[in-house]
Amino acid sequence: MKRRTWLGAAAALGAVGQLGCRREPKAAQPGELPLSQFEPRSMLRVKETRVERPRFPVIDFHTHLSWSPGLGKEGGPQFPGKVEELLPVMDRKGIRMMVNFTGGRGEVLEQVIAYLVKAHPDRFLVFTEPWWNRLADPNYPKLQAEELERAHQAGARGLKILKTLGLYLREKVTSGPLIKVDDPRFDPMWEAAGALKMPVAIHTADPEAFFLPIDRFNERWEELHAHPGWSFYGKDFPSSAELHEARNRVLARHRKTQFVCLHMGVAEDLGRVSEWMDRYPNMWVEFGARIGELGRQPRTARKFFEKYQDRILFGTDAVPHGEQYPQQIFCDELYEIYYRFLETEDEYFDYAPARIPPQGRWKIYGLGLPEKILKKVYHDNAARLLGLT
């Protein structure tokens, strides 16, 4: 999810007042039915299992509980939800700990850590982010590595790389040529992360459809029509393949650093992700906001989980009060859908708590994972990577 889009709607979302999931539609107009109001109800009669709590305690490795200022901006952190709103949901849904990826840097990071971690050290962890605004400094490579060390001393447990790197960050921060993911100026930062045992959670590219024309053949037409700024087709954007290849070169150069490829890397092509996992033992994956992709290929996805069960992390990409992004809105129902997907063999159910499937008009099927794999994915893998065991 893009920080700038959330900030633009923060005031309106704050008026919601409580953590909810589904929103009521506008009244349908007489005459031709708009696609946005088409909500077909399935006539299938299949098993429906409600999983209110997970089989094992959960570490949600991918959440956004704070936002820091964007490119070219400075200021304090923004908190989309209050801690007193988060904890009851965590307790009801068996969430032992949440990892807040977007903790920012410098004083912003310190404020976020004070608000979340120091008050509730057993429930929250925070990752830091690079100081992109300093990129023009000729000593940036050294400064960024040193900043990561300071962040670690302040209590940051990992490094988060938004898709800013590769798709937004430019030579003059917000203007000029795009910076490549494998730019050597970042090598000291990657090395420092490995030396400090700080995992790097990296978001590279986006769904494949975001790099294609927004036309009648694009399966995410509705999503891109609602969020045209999410399209990376044309202009000077690299292709999805180029972005992943650049990220892979980083993994190859920094074997001692652990990289978590968020959103499964390319959730639509698990064969390609499998090749990467075999090639790079320092690569992990996380499936936040991608069960919509995994759940429509359940047999392939289950085989993937079986093969790489020691390097897959549970994540949701959850955002409190994120009503504009129902596939990742923090609420009870979101977690119940994830648990149902992982634990049951239910068929043809919603992948998000929304009236209309937000990423594409399809439904998903459960994986029915055995307890051995569930325990690793829910908790043990993240605990091991984060040094909690």
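Everything below is about the structure printed above this text.
Rules behind the numbers
- Residues numbered from 1 in each chain as written.
- Predicted model: local features only at pLDDT ≥ 70, side-chain atom pairs only at ≥ 80, totals over all residues.
- Heavy atoms only, no water.
- Helix = DSSP H or I, 4+ residues; strand = E, 2+ residues; numbered from the N terminus.
- Polar contact = N/O pair within 3.5 Å; in protein donor to acceptor, adjacent residues only side chain to side chain.
- Contact = heavy atoms within 4.5 Å.
- Axes fitted to C-alpha atoms, helices over the stretch in contact; angles between N-to-C directions.
- Parallel < 35°, antiparallel > 145°, perpendicular 65-115°, else oblique.
- Nonpolar A, V, L, I, M, F, W, Y, C, P; charged D, E, K, R; others polar.
- Core = buried A, V, L, I, M, F, W, Y, C linked by side-chain atoms within 4.5 Å.
- Buried < 20%, exposed > 50% of the residue type's maximum accessible area, 1.4 Å probe, protein only.
- Pairing = 2+ DSSP bridges.
- Phe/Tyr/Trp six-rings, centres within 6.5 Å; stacked < 30°, edge-to-face > 60°.
- Lys NZ or Arg CZ within 6 Å of the ring centre and 35° of its normal.
- Salt bridge = Lys/Arg side-chain N within 4 Å of Asp/Glu carboxyl O.

Undergrad: Go over the side chain of Asn218, please, and point to the residues and values.
TA: With respect to the element layout, Asn218 can be found in the loop between strand S5 (200-202) and helix H7 (221-226). One polar contact links the side chain of Asn218 to the main-chain carbonyl oxygen of Pro213, over a distance of 3.0 Å. A polar atom in the side chain of Asn218 sits 2.9 Å from the backbone nitrogen of Arg220. Not counting residues within four places of it along the chain, the set of residues in contact with Asn218 comprises Ala209, Leu212, Pro213 and Leu224.

Undergrad: Give me the packing of helix H9 (residues 270-279) against helix H11 (residues 298-307): which residues, what numbers.
TA: Two elements in contact, H9 and H11, have axes whose closest approach is 11 Å; the angle formed by their N-to-C orientations is 10 degrees. Judged on the interaxial angle alone, H11 and H9 are roughly parallel. Residue-level contacts link Leu270, Val273, Ser274, Met277 and Asp278 of H9 to Thr300, Ala301, Phe304 and Lys307 of H11. A breakdown of the residues in the contact of H9 with H11 according to their chemical character gives five nonpolar, two polar and two charged.

Undergrad: Could you give me a rundown of the nonpolar core, with the residues and numbers involved?
TA: Counting 99 residues, the largest nonpolar core has Phe186, Trp190, Phe287 and Phe314 as its most contacted members. It is helix H12 (residues 332-343) that provides the largest number of residues to this core, a total of seven residues. Core analysis: the second largest hydrophobic core is formed by 16 residues, Met97, Phe101, Val260 and Leu386 among them.

Undergrad: Could you give an account of the pairing of strand S7 (residues 283-286), with specific residues and numbers?
TA: Side-chain alternation along S7 places Met283 and Val285 on one buried face and Trp284 and Glu286 on a second face that is also buried. Judged from the three bridges that link them, strand S6 (residues 259-261) and S7 form a sheet pairing that is parallel. When the bridges of S7 are listed, Phe259 appears paired with Met283. Pairing between S7 and strand S8 (residues 312-313): two bridges, direction parallel. In the sheet register, Glu286 faces S8, and the bridge partner there is Leu313.

Undergrad: Report on the packing of aromatic side chains, specifying residues and quantitative values.
TA: Evaluated as defined, the whole model comprises 24 aromatic pairs. Measuring from ring centre to ring centre gives 4.8 Å for Phe304 and Tyr308, while their planes differ by 50 degrees; the resulting arrangement is tilted. Each of the two residues, Phe304 as well as Tyr308, counts as buried. Ring pairs connect the aromatic residues Phe287, Phe305, Phe314, Phe330, Tyr335, Tyr338, Tyr339 and Tyr378, which therefore count as one cluster. Positioned over the ring face of Trp276 is Arg247, at 4.8 Å from the centre of the ring. Sitting over the face of the ring of Trp362, Arg296 holds its NZ or CZ atom 3.7 Å from the ring centroid.

Undergrad: An account of the sheet that holds strand S1 (residues 58-63) is needed here, citing residue identities and associated values.
TA: One open sheet holds the three strands; their spatial order is S1-S2-S3, and the pairing between them is parallel. Each edge of the open sheet carries a strand with a single partner, namely S1 and strand S3 (124-126). Averaged over all pairs of adjacent strands, the angle between their axes in this sheet comes to 20 degrees, without regard to strand direction. On top of the sheet, helix H3 (residues 106-116) reaches strand S2 (95-100) and S3; it is set at about 175 degrees to S3, its chief contact. Contacts from helix H13 (residues 371-385) reach S1 and S2 within the one sheet, and its direction differs from that of S1 by about 65 degrees.

Undergrad: Describe the pattern of salt bridges, with residues and values.
TA: With the rule as written, the count across this model stands at 31 salt bridges. Here Lys93 ties to Glu336 by a salt bridge, and the two come within 2.8 Å at their closest N and O atoms. Highlighted residues: Lys93 in the loop between helix H2 (83-92) and S2 and Glu336 in helix H12, separated in sequence by 243 residues. For Glu336, a relative accessible area of 10% puts it in the buried group. When salt bridges with common partners are traced through the structure, they connect Arg50, Arg92, Lys93, Asp332 and Glu336 into a single cluster.

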